[in-house]
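Given next are the chains, with one letter for each unit.
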Amino acid sequence: MLAGRQSYLGLDNHRETGKLAHAAATTHHPPPKRLIHYVDTEETIRLRAEVEHVTATLNAARIAYDGEPVGPIHLYRSFLLRSPEDPVAFNLHGRLWGGFWQHLKSSKRHLISIDGEGIADLDFSAMFAMLAYWQSTGRLPERDPYDIPEFAGHRKGAKLALISLLSRRGSLKLLAPKLKAVLPDGWTARRVVEVMSERHAPIAYMFASDSGLALMAVESKILMAVLLDLAAKGIPALPMFDGINVKISDRAAALASMRRVSARILGVALPVAEKPVWHAQTLATAA
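Quick notes on the rules
- Residues numbered from 1 in each chain as written.
- Predicted model: local features only at pLDDT ≥ 70, side-chain atom pairs only at ≥ 80, totals over all residues.
- Heavy atoms only, no water.
- Buried < 20%, exposed > 50% of the residue type's maximum accessible area, 1.4 Å probe, protein only.
- Helix = DSSP H or I, 4+ residues; strand = E, 2+ residues; numbered from the N terminus.
- Pairing = 2+ DSSP bridges.
- Core = buried A, V, L, I, M, F, W, Y, C linked by side-chain atoms within 4.5 Å.
- Contact = heavy atoms within 4.5 Å.
- Expected span 1.5 Å × (residues − 1).
- Salt bridge = Lys/Arg side-chain N within 4 Å of Asp/Glu carboxyl O.

A. Region of interest: the pairing of strand β7 (residues 93-97). Burial runs high along β7: four of the five residues are buried. Sheet analysis places strand β6 (residues 76-81) next to β7, joined by four bridges and oriented antiparallel. Residue Tyr76 lies in a different strand from β7, and its bridge partner there is Trp97.

Next comes the structure, spelled out in structure tokens:
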């Protein structure tokens, strides 16, 4: 993890000042954070207003979990500075937090309902890798960036390995337990770097350069724009980090919005997909 300061934009921020968190770097664990103040500007007021608008749209909907109403929902955005000496800026990280649905296991997602309907789980496919290629080449990769022969049967490992290489400062010398657990047996950090550098030569220069925070900022910019686009149409959408949950009847409109908004921001539409929402009876039948 990197030393830095984190800011939160949400409904409870001060109107005159905001808060940032300062973090001390450690080797193996996320750094502790403490909030510090920032001065409001036109930008922070706009960012806060966007979060308020999305949050109000969600709170106006009937969102329930396992049949029980939830709320009020309280969303906020988290921004990061790499160093305490950096001037205050809102161009790194930027992800939305605060939703109970964001950390639900896939087996529990079917318990969410919006206005009495079940949800569709919509996703920007391989978004982190797609954005890395877009930033480096101005184009998207022609094939699934996580479909790598050496990782056959370990797609999750390929995904986590690439994200790790893009999100770190300094060479990958040891495998974190979480990454090692989803890699083929016997793999080393050196093997991961070699395979990924060969498979993703156009973006290999971005490895170990802490590119992840800037990619997250683009990711969050696109997601916020989608949420605002849908809110303007009266469609409540629960934000994930690289996707959204909407009621089933809004599926087509939401997918169209995701393609349209990403094309407007990037100049090319990101691929989108619907992930299955598993139900207990589906799992029982499959067993």
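B. Main features of the nonpolar core. Counting residues in each nonpolar core, the largest one holds 70 residues, and the members touching the most others are Trp101, Phe151, Val192, Met196, Ile222, Ile244 and Leu270. Counting residues per element, this core draws most heavily on helix α6 (residues 212-232), at 10 residues. Residues within four places of Val192 in sequence aside, it is in contact with Ala161, Leu165, Leu172, Leu175, Leu183 and Trp187.

C. Representation of α6. With 21 residues, α6 should reach 30 Å at 1.5 Å per residue; the first-to-last C-alpha distance of 30 Å fits that figure. Counting buried residues in α6 gives 17 out of 21 residues, a clear majority hidden from the surface. Taken from the residues just after α6, Gly234 is the one with a positive phi, measuring 75°.

D. Expanded view of the pattern of salt bridges. Taken as a whole and judged by the stated rule, the model has 11 salt bridges. Note that Arg46 is salt-bridged to Glu50, the shortest N-O span being 3.1 Å. With a gap of four residues between them, Arg46 and Glu50 both fall in helix α1 (residues 42-60), about one helical turn apart. The partly exposed category is assigned to Arg46, whose relative accessible area is 43%. In this structure, a network of salt bridges that share partners links the residues Arg82, Arg169 and Asp210.

E. Layout of the pairing of strand β11 (residues 243-247). Most of β11 is tucked away, with five of its five residues classed as buried. Of the two faces of β11, the one carrying Gly243, Asn245 and Lys247 and the one carrying Ile244 and Val246 are both buried. In the sheet, strand β9 (residues 117-124) pairs with β11 via five bridges, with the strands oriented antiparallel. Considered in β11, the bridge of Asp123 is made with Gly243.

F. A look at unusual backbone geometry. Residues Gly71 and Pro72 are joined by a peptide bond in cis, for which omega reads 0°. Structurally, Pro72 is set in the loop between β5 (68-69) and β6. Unlike most non-glycine residues, His93 shows phi in positive territory, near 70°. Mapped onto the elements of the fold, His93 is located in strand β7. What makes His93 buried here is its relative accessible area of 11%. Phi angles above zero are rare outside glycine, and Asp210 is one such case at about 60°. The class for Asp210 is buried, based on a relative accessible area of 2%.

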